[in-house]
Each structure stands twice: as structure tokens, then as C-alpha cells.
Amino acid sequence: MTTPTQTRDRSGDGPGRPNEQQEPGRSRAGALLLETVRNNMRQYGMLVALALIVVLFQIWTDGSLLLPNNVSNIVQQNSYILILAMGMMMVIIAGHIDLSVGSLAAFVGAAAAVMMVRHDMPWVLALVLSLLIGAAAGAWQGFWIAYVGIPSFIVTLAGMLLFRGGTQILLEGQSIAPFPRGFQEIAQGFIPEMGPYTQYHNPTLLIGLVVIAFVLFQEWRDRRRQLAYELEVLPFNLWLLKCVAIVAAVVAFTLTLASYHGVPVVLLIMCVLLIGLGFVMRNAVVGRHVYALGGNKAAAKLSGVKDKRVTFLVFVNMGVLAALAGCVYAARLNAGTPQAGINFELEAIAAAFIGGASMSGGVGTVLGAVIGGLVLGVLNNGMSLVGIGTDYQQVIKGLVLLAAVGFDVWNKRKVGS
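Each chain has its residues counted from 1, running along the sequence as written. Under the rules for a predicted model, residues below a pLDDT of 70 receive no local features and side-chain atom pairs below 80 are neither given nor counted, while totals for whole chains, interfaces and linings still include all residues. The side-chain quantities take in all heavy atoms of the structure and omit both hydrogens and water.

Under an unreviewed UniProt entry, the chain has the name Xylose transport system permease protein XylH and belongs to Streptomyces daqingensis. Under the Subcellular location (unreviewed entry) heading, UniProt states for the chain: "Cell membrane". UniProt positions are given in the numbering used here, feature names are shortened, and annotations may be inferred rather than shown by experiment. Quoted straight from UniProt, the Function (unreviewed entry) entry for the chain says "Part of the binding-protein-dependent transport system for D-xylose. Probably responsible for the translocation of the substrate across the membrane."

> Is there a simple way to explain the layout of surface pockets in this structure?
Left-over empty space is what a probe sized like a water molecule reveals as it rolls over the atoms. By volume, the second largest pocket amounts to about 750 Å³. Taken together, 28 residues line the second largest pocket, and the ones lying closest to its centre are Asn 343, Glu 347, Asn 380, Gln 394 and Lys 397. Each helix is a run of DSSP H or I of at least 4 residues and each strand a run of E of at least 2, with the numbering of both proceeding from the N terminus. Only helix 5 (79-93), helix 16 (344-354), helix 17 (366-385) and helix 18 (390-416) provide two or more residues apiece to the lining of the second largest pocket. The class makeup of the residues in the lining of the second largest pocket is 12 nonpolar, 14 polar and two charged. With a 1 Å grid spanning the protein atoms alone, the term cavity applies to any set of points in which a 1.4 Å probe fits but cannot get out, the term pocket to an open set with protein on both sides within 12 Å along at least five of seven lines, and the term lining residue to any residue with an atom within 4 Å of a point. Grid points are joined across faces, edges and corners, and a volume is the space filled by probe spheres set on the points. Under the scheme applied here, ten amino acids are nonpolar (Ala, Val, Leu, Ile, Met, Phe, Trp, Tyr, Cys and Pro), four are charged (Asp, Glu, Lys and Arg), and all others, including Gly, are polar.

> Any chance you could explain the packing of aromatic side chains here in plain terms?
Each aromatic ring pair is specified by the distance between its two centres and by the angle formed by the two planes. Note on aromatic contacts: the rings of Phe and Tyr and the six-membered ring of Trp form a pair at centre separations within 6.5 Å, being stacked when their planes are under 30 degrees apart, edge-to-face when over 60 apart, and tilted otherwise. Inspection of every chain in the model, using the stated rule, returns 13 aromatic pairs. Between Tyr 80 and Phe 344 the ring centres are 5.1 Å apart and the planes differ by 20°, which places this aromatic pair in the stacked class. Here the residue Tyr 80 occupies a position in helix 5, and Phe 344 occupies one in helix 16, the gap between them amounting to 264 residues. Here Tyr 80 matches Phe 344 in class, with each residue buried. Think of it in three bands: with a 1.4 Å probe and only protein chains considered, a residue is buried below 20% of the maximum accessible area for its type, exposed above 50%, and partly exposed in between.

> Help me understand the nonpolar core, please; the structure alone is not making it clear to me.
If you look at soluble globular proteins, the nonpolar side chains tend to sit buried side by side. We define a nonpolar core as any set of buried Ala, Val, Leu, Ile, Met, Phe, Trp, Tyr and Cys residues linked to one another through side-chain atoms lying within 4.5 Å. Formed by 95 residues in total, the largest nonpolar core has its most connected members in Ile 83, Leu 84, Phe 183 and Val 328. Per-element accounting of this core gives the leading share, 14 residues, to helix 15 (residues 307-333). Any two residues having at least one pair of non-hydrogen atoms within 4.5 Å are treated as being in contact. When residues no more than four places from it in sequence are discounted, the contact partners of Val 328 are Ser 79, Tyr 80, Ile 83, Ile 186, Ala 187 and Val 266.

> Sorry if this is basic, but what is going on with the pattern of salt bridges here?
Proximity of charged atoms lets side chains of opposite charge pair with each other. Any carboxyl oxygen of Asp or Glu that lies within 4 Å of a side-chain nitrogen of Lys or Arg is treated as forming a salt bridge with it. Applying the stated criterion to the full structure yields three salt bridges. Across the pair Glu 185 and Arg 181 runs a salt bridge whose closest N-O atoms are separated by 2.8 Å. Linking Glu 185 with Arg 181, this pair stays in helix 9 (residues 181-188), spanning four residues, or about one helical turn. Judged by relative accessible area, Glu 185 falls into the partly exposed class, the value being 26%. The salt bridge partner of Lys 397 is Glu 347, with a shortest N-O separation of 3.1 Å. Remark: Glu 347 occurs in helix 16 and Lys 397 occurs in helix 18; sequence separation between them is 50 residues. Taking the relative accessible area as the measure of exposure, Lys 397 reaches 10% and is therefore buried.

Structure follows, in C-alpha cells:
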């Protein structure tokens, strides 16, 4: 029989152990909160950093940063980098790197331009073929990396040169424009207005309510699962406070977008990617295998992980996302241009590392990549609004990247000690 002193309330909702309640100067709730922060320091740190950057530039720009039109502009302006960052995070988690994504994005954008402008192909068909081109390019690189054993750095460096040259050949050194209106809407459009006239965009308000319900359901379900397996969870009061903070953030963002033109189409695309890839990495077998390969490849192989197939699929996924990013960028410019995609790979890699990726692999989340990309995007937008030159912007972004990676190294050493 279990005695009262043996009963453990891991959630903090019940009485807990008497000696823990009587411990002076330290509550179980505080201990759990401290442990949660320690275990998620990179993610929480970047969220705090993003909030501080937003507050700083909101004050510095006299409120211009969070104007509805500027918030929509930040989303659309950084959409292709965020798409690339999601795929790059998965590549880095698997223990690899991809230097070709910028050139591949430019190549696919050029191919889409040739199909739609020169050959009058319907834009939907051109978009599908563009994604297939990206998948084929990712499969080509994945084959050499996974099955031949050439390091990803070398293969993707060769791919960067190959796709950049292919872009110049396709476009013959000239930009091709314009695109059909439907294709432009991918990067420039907003979901249409519906329903009676109000001061806000009705579909955006509905989407916000759906997001709130989905997030709260996920939080409740995760907590139920953790309690069922007797895992440590936040005390109920802290968990409730966390839910309130999430709802407040979603409401604020929803009202901001709804007071302008509503949700950008590209934001819906990114949300679908975030939910889908996040589910794969968190719940699907292949996602857990990606983490296993990045954490310890030898142990993963001994455990039955098919390392070659998983690596191959990771690069196919990266190729598709690079193709999508190239189409989004071309749609935003309304042109296929030879100079597209320059330094995109560096921005995506920086976003992944700022968002919590580790050089050794096996660490990171898709959401973290989005947070890292938003940190860079808000920095770019805020510095432009206050008139900081592009030269100083590069210096500041370099220091931010160095600080993020340095913090990762420091945190690992501290945990190890």
C-alpha cells in the first residue's frame, strides 16, 4: 500500500510530498519552472530576444514597426527565408548542411518564368512542375550524399554552382516578366473578405479563433498525456498563465492583420508547412529517425534506422521547400531574375542556428527555425525603418548569429559540468 509520504504529484495540482511543501525558500512550482526554462533555454531565450527586439524597435520607430501594413510586409518580405529555414533546420538536425538552396530557388524561379511567360503554361501546372523540379534536384543531391557517401558540404557546394549556372542559361542573363495574376497572389495576395461589413477582416478573425482553439486543445492534450505517463509538468497555475499568454499573443497578431487586408496567402502556406513538418518531426517515425541520426549516427544504425533512406528524404524535402521558396520570391518580384537567391542559404542557415539548431546535429525544432527567421526579419525591417545602412545591418546580424551560437556552446558546457 502506498503511504502518504510516497505519493508524488508531478503536476503540482495535488498535495505533493509533505517534506517538499515544508522546504523553506523554494516551492515545487518554482523548481519546476526553473527546470523547464533550463531544458528549453535556447527556445525560450530566442522568444525573449524576439520580444525585446520588437519592443526596442517599436519604441525606436515611434510605433511604426507594429503598424498593420508593416506587420504584413514583414511576413511577406521574409516568407521565402522562413520556408527555407524550416527545411534547413531538418537538414542540420540530421547532421548535414545545404549550401545550394539559394541557387536552387533561383533556378526553379527561372524555370517557372520560362514555363509561364515564354510558353504560356497555366500557372498552377507551372507551380506543380516547379515543385517536382525541386524534388528531383533534392533527390540528385541526396543520392550522392546518402548512397555514395560524399559529404553534404561538397555535394551542395557543387549544386550551388550548378544551379546558379543553370539559372543564367535559362534566363540568358535577362529577367523574364510578368507573371499571371494568380501566381503573383501566392506572395502578394491576401485571403478575400467575406461576410458583413465590420471594422475588421472577418475571415482573419475566424482563422484566429480556430488557431486559439487548436493551440489550447494541443496544450490540454499534451498535459493530459504527460500526466498519464507520470512526467513532470508545470503546475496548473503556471500552465494556465502560459495558455493565457499564448491566447493574448494570437489575439494581438490576429487583430493587427484583421485591421489591414487580413491574412496574407503566403502566411497560410507557411502555417500549413509549420504544422505539417512539426508533426512529422515530433510524432512521425521518420522525424524521430532524423533526430537519432543527427544525435548519434552509429547508434541509430545499430538500432535499425535506415540512415541512407532518411538522409535521402531529408534532401528531397529540402529541394521541394527550396523550389517553393523560389516560386514565392519570383511571385513577389513578379519576375524571374538571374540575381535571385543570392545569400538565401546563409540567411536560412543563420535562422536555423539562431532558432536553436546545434552544429553537432540532433537538436532543434521547426518552430525554432521560424523564430530565428523572425528575429532576423524584424532586425532587418526595424533597422531599415530607423535608417541604419545595409553595411551596419550586416555587422549587427553577424554579431547576433555569433552570440546565438556562442550561447549554445556555453549552455552545453554548463549542462555538461
